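A structural walkthrough
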Amino acid sequence: VEASIPEPQREAWKRNQITSFTDKDGFEKEVVRHVETTLARSMFNCDEIAAYSATSLAFRDRLITHWNRTQQRQTYRDTKRVYYLSLEFLMGRALDNAMLNVGLKNVAQDGLAELGFRIEDVVKQEHDAALGNGGLGRLAACFLDSLATLNFPAWGYGLRYRYGIFKQEIIDGYQVEVPDYWLDFNPWEFPRHDVTVDIQFFGQVNKKTVGGKTISVWEAGEIVQAVAYDVPIPGYDTPTTNNLRLWSSKASGGEFDFQKFNSGDYESSVADQQRAETISAVLYPNDNLERGKELRLKQQYFWVAASLYDIVRRFKKSRRSWNEFPDQVAIQLNDTHPTLAIVELQRILVDVEGLEWDNAWEIVTSTFGYTNHTVLPEALEKWPVGLVQHLLPRHLQIIYDINLFFLQSVEKAFPDDRDMLRRVSIIEESQPKMVRMAFLAIVGSHKVNGVAELHSDLIKTTIFKDFVEIYGPDKFTNVTNGITPRRWLHQANPRLSELIASKCGGNDFLKDLTILNQLEKHVEDKQFRKEWAEIKYANKVRLAKHIKDTTGVVVNPASLFDVQVKRIHEYKRQQLNIFGVIHRYLSLKAMTPDQRKKQLPRVSIFGGKAAPGYWMAKQIIHLINSVGAVVNKDEDIGDLLKVIFLEDYNVSKAEMICPASDISEHISTAGTEASGTSNMKFVLNGGLIIGTCDGANIEITREIGESNIFLFGNLSEDVEDLRHAHTYGSHTIDSDLDKVFNEIEKGTFGTPHDFSAMIAAVRQHGDYYLVSDDFHSYIETHQLVDEAYRNQDEWIAKCITSVSRMGFFTSDRCINEYAEEIWNVEPLVVDRH
Ligand code: Z15
């Protein structure tokens, strides 16, 4: 690597190489230096925020030297790289993670203590980086952690939103959205004002003849500049530090359009600037829903075009032939949001680089892989042809050509099936015509994967059935999701991690999670069970304190903590949960005081954001809060039932909540939740699950054993028939659920009219999510949970056994599967310095 520096200067550079701190004294020096110089404050004026900032800067400096070495090594070796394109990266906090991954948290803890700070308080000063909605964005963040930990040469590419997912406040029981301005001070990013790309929009396509060849030239109507911001991603216990590159938009040609400015058109030059900055201003707050807004399409193209320009520029440095592109570059599309990358690469190769169409297309399809994350029809992206034509005129032409060649090949293979062409066409012949992005992603990729076994089977037999016939089954594969045990066990639950390490021969399990299976031989160890139970209890005490501080409600940590935290969505069925809670409340109310004394106390904990435009989801939040308001002050009930809605659920709250759960709810209508990943987080933290046979719940059951999970409800294969029966047969509602509805309608939980739509969805509108069909089984299964929890010793044994069998669900395993089956890339280990 050093050979790239000219001989005469090499010695001076080497002599002055930065050495990062390794001990407490070195760390303290760095903190004090940053407080005094970078932050221009003094020791008399250093509060917790300054201590957080200086600590972060000290670690950032350290990461960036590792980052430099990692990048140099990757460039020098010129191996194949992976590019993970995702519109969302739900990173959470960086400092705690950086300290643990680098292995210097203890050093920082001691150093901060000497300087007068508690590390827990310092860490809490950090604002979550919340550039994502839910599971999809958090998966991308876990993947970055695993890619770095496993030493893969990999980059993430995303958008640097000025506003991430909104902050949720609960006012009078309703969700209120507050903007999340998080960039005030962010020590974790490096602006690269020298890494910019001009991105064009609108305009028209002209034909030009160059050397007897006709080429298409896209003349821009608007140009916006993309500026790179780099976020270092440290691997755990390795010097590898990868890069997440986020693009920010600004007006091209400096602050203003000087021509307009000088000619006196000040207002319009300011307006141009604002229009440019709007592109990366805000994350769309919908999870599992696409609304087809022009600005969203602009975001997608802006990000994809800047990323591809960057990737191609890097490839060109190695002066290889274009046919080697897929040997050097693997691009993974996280859902269909970056699908335009397929079209953009084809455009670059054909229009700019002058390759023949077929040659270019071979390169393109060998480069891309596409991950599907949902079968919900409302989440599948479709863009009106007219909008694409207007914004990206050349891309629409290319899409039409891709479709033409694709349909010609289909016609050849299936000459008698006219309807097949209509069904698989990338262009839906509707009014207006639409571009089907998932179909474009399939046609332009060499592999398509789902995110859990059931989900991967479902896409093959339902939404992508025809494509399995066309391409054969091998193009479609499964990579079951996973989570990083570094953040979700070691960081979130340090005491449990330490206890596990003491039984598993140290911290190696954090890099090879299958080592957890060594816990199983200790299940019978009484002392071990006791320590395990104590840790769970302490985690519950911490959550109880948070509940008291944020809601004023006092909960008893000895109660069973029953948790459902995730985005609020009808398919995830928080309504089933709250109806179940009401059923429990009514049962308790109907008991004599003596009977009540025998009941198990429970705390039902909810959390999650509703998309601002999702009215029904907001009604569900309101019902949960309304039930809480009644139940929590009912003196007949006392500790037997509390209902809590935790405000502003996010990654850092999840890190506190997961370790404190006894049972968590993953109760989506069968066939609707592609995978789910919080199910894995809860089990890994020693909690059990109540869930449906859906997504990764099925594989969790296979791994941990049926006796360690509470499954209920109808199966995915029966859903269609049940829905049909609701609509065309006579639809009778479960009698217990009917009583719940009647109670709501009596006004027990406030103005009944507020909740009439939720009830009508079940009674009158076909109960699409099968709430009534699954209600009885749900209630019965909760009774089994109560009974099981009474036997604490057995319960703890189930928890330990489950954790010991969770090795499969590390995102390290996923990344290795992607690397082998889809990307064909190998790790590149960087020397330790
Ligand atoms: C999202 O968070 C998920 C899928 C989507 O299509 C969109 Cl737009 C957002 C989630 C799935 O709902 C969840 O089941 C899965 O675990 C997660 O993606 C990661 O694959």
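Our subject is the structure listed above.
Residues numbered from 1 in each chain as written. Predicted model: local features only at pLDDT ≥ 70, side-chain atom pairs only at ≥ 80, totals over all residues. Heavy atoms only, no water.

Let's talk about the overall build of the protein chain
Across its full length, the protein chain carries 34 helices and 24 strands. The C-alpha radius of gyration computed for the protein chain amounts to 28 Å, which stays within 12% of the reference 28 Å derived for 833 residues, consistent with globular compactness. Taking the principal axes of its C-alpha atoms as reference, the protein chain extends roughly 95 × 75 × 60 Å. For the protein chain, the residues scored as buried account for 61% of the 833 residues in total. By sequence separation, contacts in the protein chain at least 24 residues apart represent 77% of the contacts at least 6 residues apart. As displayed, the protein chain offers around 33,500 Å² of accessible surface, 50% of which is attributable to carbon and sulfur atoms. (Helix = DSSP H or I, 4+ residues; strand = E, 2+ residues; numbered from the N terminus. Rg over C-alpha atoms; globule rule 2.2 N^0.38 Å. Buried < 20%, exposed > 50% of the residue type's maximum accessible area, 1.4 Å probe, protein only. Contact = heavy atoms within 4.5 Å. Areas by Shrake-Rupley, 256 points an atom, 1.4 Å probe, with all protein chains shown as cover.)

Considerations on the sheet that holds strand β14 (residues 382-384)
Read from one edge to the other, the open sheet built from three strands follows the order β14-β16-β15, with strand pairing classed as antiparallel. The open sheet is flanked by β14 and β15 (427-428), the only strands paired with a single partner. Pairing between β15 and strand β16 (residues 434-436): two bridges, direction antiparallel. Following the sheet pairing, Glu 428 is matched in β16 by Met 434. (Pairing = 2+ DSSP bridges.)

Things to note about the nonpolar core
Phe 201, Trp 247, Ile 500, Trp 532, Phe 579 and Trp 823 are the most contacted members of the largest nonpolar core, which totals 232 residues. No other element matches helix α10 (residues 294-317), which puts 11 residues into this core. The contacts of Phe 579, once residues within four sequence positions are left out, are Leu 623, Leu 737, Val 740, Phe 741, Ile 744, Met 758, Val 771 and Phe 775. Counting 25 residues, the second-largest nonpolar core is a separate cluster that includes Phe 21, Phe 59, Val 122 and Trp 188. (Core = buried A, V, L, I, M, F, W, Y, C linked by side-chain atoms within 4.5 Å.)

Here's the deal with the side chain of Ser 56
With respect to the helices, strands and loops of the structure, Ser 56 is situated in helix α3 (residues 48-77). Overall, Ser 56 belongs to the buried group, its relative accessible area being 0%. Once residues within four sequence positions are removed from consideration, Ser 56 is found in contact with Leu 95, Pro 187 and Trp 188.

Focus on the pattern of salt bridges
All told, the structure shown has 63 salt bridges when counted by the stated rule. The shortest N-O distance in the salt bridge between Asp 310 and Arg 314 comes to 2.9 Å. You can see Asp 310 and its partner Arg 314 sitting in helix α10, four residues apart, about one turn around the helix. With a relative accessible area of 16%, Arg 314 lands in the buried category. Residue Glu 673 is joined to Lys 572 by a salt bridge in which the shortest nitrogen-to-oxygen separation is 2.8 Å. Taken together, the residues Glu 673 in the loop between β22 (663-666) and α27 (678-684) and Lys 572 in the loop between β19 (560-565) and α23 (574-589) connect sequence positions 101 residues apart. Residue Glu 673 shares its accessibility class with Lys 572, and that shared class is buried. Through salt bridges with shared partners, a single ionic network connects Arg 192, Asp 230, Arg 245, Asp 310, Arg 313 and Arg 314. (Salt bridge = Lys/Arg side-chain N within 4 Å of Asp/Glu carboxyl O.)

Digging into unusual backbone geometry
In terms of backbone geometry, most residues other than glycine have negative phi values and most peptide bonds are trans. Residue Pro 432 is bonded to the preceding Gln 431 through a cis peptide linkage, with omega at 0°. Located in the positive-phi region is Phe 202, a residue other than glycine, with phi close to 60°. Within the secondary structure layout, Phe 202 lies in the loop between β7 (190-201) and β8 (204-210). One non-glycine residue, Arg 573, lies in the positive phi region at around 60°. Relative to the assigned elements, Arg 573 resides in the loop between β19 and α23.

Comments concerning the site of the ligand
Every one of the 15 residues lining the ligand counts as a neighbour, but Asp 287, His 373, Asn 481, Glu 673 and Gly 676 are closest to it. Measuring from an oxygen atom of the ligand, one finds a side-chain N or O atom of Asn 288 at 2.9 Å. A distance of 3.1 Å is found between an oxygen atom of the ligand and a backbone nitrogen or oxygen belonging to Ser 675. In isolation the ligand has 450 Å² of accessible area, and contact with the protein removes 97% of it. Residues belonging to the shell around the ligand are distributed by class as follows: five nonpolar, seven polar and three charged. (Near = heavy atom within 4 Å. Polar contact = N/O pair within 3.5 Å; in protein donor to acceptor, adjacent residues only side chain to side chain. Nonpolar A, V, L, I, M, F, W, Y, C, P; charged D, E, K, R; others polar.)

Let's talk about helix α22 (residues 526-551)
Given a rise of 1.5 Å per residue, 26 residues ought to cover 38 Å, and the 37 Å separating the end C-alpha atoms of α22 matches this to within 8%. All of the buried residues in α22 are Phe 528, Arg 529, Trp 532, Ile 535, Lys 536, Asn 539, Lys 540, Leu 543, Ala 544, His 546 and Ile 547. For α22, the side-chain oxygen to backbone nitrogen distance between the N-cap and Gln 527 is 3.0 Å, and the N-cap itself is Asp 525. Backbone geometry just downstream of α22 places Gly 552 in the positive-phi region, at approximately 85°. (Expected span 1.5 Å × (residues − 1).)

Here's the deal with the packing of helix α12 (residues 340-352) against helix α13 (residues 357-367)
Between α12 and α13, the shortest axis-to-axis distance is 9 Å and the interhelical angle comes to 145°. Here the hand of the crossing between α12 and α13 comes out right-handed. Taking contact as the criterion, the partners of Ile 342, Leu 345, Gln 346, Leu 349 and Val 350 in α12 are, on α13, Trp 357, Ala 360, Trp 361, Ile 363, Val 364 and Thr 367. A breakdown of the residues in the contact of α12 with α13 according to their chemical character gives nine nonpolar, two polar and no charged. (Axes fitted to C-alpha atoms, helices over the stretch in contact; angles between N-to-C directions. Left-handed = near helix turned anticlockwise from the far one by under 90°.)

Some details on α10
With 24 residues, α10 ought to run about 34 Å at 1.5 Å a step, and its terminal C-alpha atoms sit 35 Å apart, in line with that. Most of α10 sits inside the fold, with 18 of its 24 residues counted as buried. Once α10 ends, the next one or two residues include Arg 319, with phi positive near 50°.

Considering the packing of aromatic side chains
For the structure shown, the criterion picks out 29 aromatic pairs. A ring pair is formed by Tyr 768 and Tyr 769, whose centres lie 5.0 Å apart and whose planes are at 85°; its orientation type is edge-to-face. Joined through ring pairs, the aromatic side chains of Tyr 83, Trp 155, Tyr 157 and Trp 247 make up one cluster. The ring of Tyr 768 has Arg 723 sitting right over it, with the charged end atom 3.6 Å from the ring centre. (Phe/Tyr/Trp six-rings, centres within 6.5 Å; stacked < 30°, edge-to-face > 60°. Lys NZ or Arg CZ within 6 Å of the ring centre and 35° of its normal.)

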